[in-house]
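Spelled out from the first residue to the last, the chains are:
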Amino acid sequence: MRLNELTRFDHIIIQCHDNPDADAIAAGFGVYCYLRWQGKEAELIYGGRENIRKANLQLMVDALHIPIVHRESMPEAELLVTVDCQYGEGNVAHFDARHIAILDHHIDMGHRADYKEIRSSYGSCAALIWQLLVKENYPLAEDKELSTALYYGLYMDTNSLSEISHPVDKDLRDCVKFHEGLILQLRNTNLSLEEMQIAAEALKDYEYQKEGHFAIVRTKPCDPNILGFISDLMLQVDIVDLCVIYCELPYGIKLSVRSCVRTVRADELAGFIVQGVGNGGGHAQKAGGFIPKTNLEMIAGGCEPGKYLYGRMEAYCRSCELIYAKDYKFTGSGMERYTKIPQRLGFVRLSEVLPPDSHIIIRTLEADFDLKVEEDVYVMVGVRGEVYPIHREKFEGSYEEVEGGFEITADYLPSVHIKDTGDVTLLMQYAHTCVPTGKTAIYAKPLDHTVKVFTAWDEENYMLGREGDYLAVRTDDLHDVYIIAAAIFEESYERA
């Protein structure tokens with residue numbers, strides 16, 4: 001969906017969920033600013049019983065001149081746009097409307113709408129609105145108030161940016177220019193005395209499992225940043241390596257997940273906990289998640305959320321095998337020999353287009369990874385936008401360059417961020433085309449359980465393989481061990 005589709009209407013109401021948080025306010029403000037920029041009449045509202053009371057939200061609204069108002073009934077309008085919520089859900093006051101648009105980042109609950117854009121993999125609705133504004137060429141660089149609002153919405157909904165996972169969230173974080181002094185002030189008005197009391201009470205009552213070194217804590221309903229605050233405190237306990245802090249809200253369960261060991265990524269753990277019932281993400285140490293109430297009732301059979309979460313944590317701790325590539329003892333058990341199917345792939349000689357010895361971040365849909373620009377290190381780009389480094393010697397023995405461009409269609413095209421300068425560019429504009437020579441091969445087998453591989457490239461972060469994915473070993477280097485996703489393997493390899 002494009003925001004310009006909404007401009008066919010002249011009188012438009014933008015509605016946040018009841019008791020709106022920073023993300024909802026920012027997202028609604030973004031839609032409001034765009035519609036006013038297009039010359040449309042728009043009003044930003046929220047319903048429910050409570051007015052905005054939290055000190056940080058009052059400061060945000062006042063300082064950024066956000067024209068949000070509390071309504072018990074909706075003014076006459078042609079279109080109602082709900083942001084950070086979905087029309088018909090229990091957390092948003094119901095107003096009758098002729099036409100409905102939904103802009104959200106939670107799981108699609110299937111409610112009707114004339115226009116809909118829901119990205120449940122995004123950490124914030126602010127990121128969705130930012131992306132839509134960029135597509136419409138809205139002058140964000142000239143609108144520092146809106147940019148600051150969107151940044152703060154992202155900041156708050158991802159627990160101080162610690163639970164970011166999607167590259168669009170990261171791009172918003174890295175690209176907008178905001179009022180730094182105001183953000184600093186907002187950061188220091190997040191906690192009330194009541195919320196401090198919530199944290200103190202939660203930490204007095206916890207569950208701990210010695211074998212898995214994990215703790216689970218329940219809190220009273222609170223903002224995500226309070227969950228994160230409690231998580232950070234719990235993780236400082238000497239015997240706790242993993243923790244899940246959760247609170248029950250009227251519409252679902254909000255989670256904060258932490259890890260301080262390299263063998264467990266918090267984002268991957270959060271994904272495991274909510275698999276099939278919710279959404280979650282973040283990064284290696286900090287992550288979050290959400291489970292809609294209806295899903296939990298259906299999957300967990302009505303059991304207490306704490307018991308469900310405890311069971312998922314136990315299952316996770318039992319589920320994984322660890323492989324360290326540098327110490328891998330190849331036996332060939334269950335493996336067969338495969339070669340790559342002839343197909344056009346992309347590759348980039350980083351040293352030709354980026355400053356030598358510079359440190360970069362390559363951002364992909366799967367993850368960010370750090371790399372140093374060296375003459376003998378290339379980057380491969382696969383058919384689905386997957387990216388991985390390869391030494392020039394291995395590249396020249398496995399591929400040959402061919403004429404013609406390399407293009408892919410993907411939800412997110414890989415980008416390069418230069419750490420020293422902050423410059424950002426698309427990797428694809430530098431990509432040459434190559435095809436496999438068929439001279440090298442791999443041993444591979446499908447997985448029937450979860451495996452984590454610490455590759456020869458990166459001994460601190462693992463590649464995750466789930467059931468159905470493939471464990472692969474290059475035949476010319478038995479310590480080059482890695483994971484290939486099932487869908488990519490089936491498109492890219494054939495038995496030798």
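Up top is the structure these notes are about.
Residues numbered from 1 in each chain as written. Predicted model: local features only at pLDDT ≥ 70, side-chain atom pairs only at ≥ 80, totals over all residues. Heavy atoms only, no water.

1. A short note on the overall build of the chain
Thought 1: Counting secondary structure elements, the chain contains 14 helices and 29 strands.
Thought 2: Scaling as 2.2 N^0.38, a compact globule of 496 residues should have a C-alpha radius of gyration of about 23 Å, and the chain matches this with 24 Å.
Thought 3: Dimensions along the principal axes, computed over C-alpha positions, put the chain at roughly 70 × 55 × 40 Å.
Thought 4: The 496 residues of the chain split such that 52% are buried. (Helix = DSSP H or I, 4+ residues; strand = E, 2+ residues; numbered from the N terminus. Rg over C-alpha atoms; globule rule 2.2 N^0.38 Å. Buried < 20%, exposed > 50% of the residue type's maximum accessible area, 1.4 Å probe, protein only.)

2. Observations concerning the packing of helix H4 (residues 144-157) against helix H6 (residues 180-187)
Thought 1: Closest axis-to-axis distance for the H4/H6 pair is 11 Å, and the angle between their directions is 30°. Considering the relative orientation of H4 and H6, their crossing is right-handed. For the pair H4 and H6, the contacting residues are Thr 148, Tyr 151, Tyr 152 and Tyr 155 in the first and Leu 182, Ile 183, Leu 186 and Arg 187 in the second.
Thought 2: Counted by class, the contact of H4 with H6 contains six nonpolar, one polar and one charged residues. (Axes fitted to C-alpha atoms, helices over the stretch in contact; angles between N-to-C directions. Left-handed = near helix turned anticlockwise from the far one by under 90°. Contact = heavy atoms within 4.5 Å. Nonpolar A, V, L, I, M, F, W, Y, C, P; charged D, E, K, R; others polar.)

3. A look at the pattern of salt bridges
Thought 1: Taken as a whole, this structure holds 26 salt bridges when the rule is applied.
Thought 2: Notably, a salt bridge pairs Glu 76 with Arg 98, separated by 3.6 Å at the nearest N-O pair. Taken as a pair, Glu 76 in the loop between strand E3 (68-70) and strand E4 (79-83) and Arg 98 in the loop between E4 and strand E5 (100-104) lie far apart in primary sequence, 22 residues in all. No difference in accessibility class separates Glu 76 from Arg 98, as the two residues are exposed.
Thought 3: Arg 218 serves as the salt-bridge partner of Glu 248, at 2.9 Å between the closest nitrogen and oxygen. With a gap of 30 residues between them, Glu 248 in strand E9 (residues 242-249) and Arg 218 in strand E8 (residues 214-219) connect regions that are remote in the sequence.
Thought 4: According to the relative accessible area criterion, Arg 218 is partly exposed, its value standing at 47%.
Thought 5: Put simply, Asp 171, Arg 173, Asp 174 and Arg 363 are held in one network by salt bridges that share partners. (Salt bridge = Lys/Arg side-chain N within 4 Å of Asp/Glu carboxyl O.)

4. Thoughts on the sheet that holds strand E28 (residues 477-484)
Thought 1: Pairing in this open sheet of five strands is antiparallel, and the strands run E28-E27-E24-E14-E29 from one edge to the other. Either end of the sheet is taken by a strand with one partner, and the two such strands are E28 and strand E29 (493-495). Adjacent strand axes in the sheet meet at a mean angle of 40°, parallel and antiparallel pairs treated alike.
Thought 2: Of the strand pairs in this sheet, strand E24 (residues 442-446) and strand E27 (residues 470-474) are connected by five bridges, and their pairing is antiparallel. By the bridge assignment, Tyr 443 is partnered in E27 with Val 473. (Pairing = 2+ DSSP bridges.)

5. Observations regarding the packing of aromatic side chains
Thought 1: This model, assessed by the stated rule, comprises 18 aromatic pairs.
Thought 2: Each ring, one from Phe 454 and one from Tyr 462, has its centre 5.7 Å from the other, and the planes form 70°; the classification is edge-to-face.
Thought 3: Joined through ring pairs, the aromatic side chains of Tyr 338, Tyr 470, Phe 489 and Tyr 493 make up one cluster.
Thought 4: Over the ring of Phe 454 we find Arg 262, and its NZ or CZ is 4.9 Å from the ring centre.
Thought 5: Against the face of Phe 272 rests Arg 312, its NZ or CZ located 4.2 Å from the ring centre. (Phe/Tyr/Trp six-rings, centres within 6.5 Å; stacked < 30°, edge-to-face > 60°. Lys NZ or Arg CZ within 6 Å of the ring centre and 35° of its normal.)

6. Quick word on the environment of His 11
Thought 1: Tracing the backbone through its elements, the reader meets His 11 in strand E1 (residues 11-16).
Thought 2: Residue classification places His 11 among the partly exposed positions, given a relative accessible area of 35%.
Thought 3: For the pair His 11 and Glu 41, spaced 30 residues apart in sequence, the C-alpha to C-alpha distance is 5.1 Å.
Thought 4: Setting aside residues no more than four positions away along its own chain, His 11 makes contact with Glu 41, Ala 77, Glu 78 and Leu 79.
Thought 5: Separated by 2.9 Å, the side chains of His 11 and Glu 41 make a polar contact. (Polar contact = N/O pair within 3.5 Å; in protein donor to acceptor, adjacent residues only side chain to side chain.)

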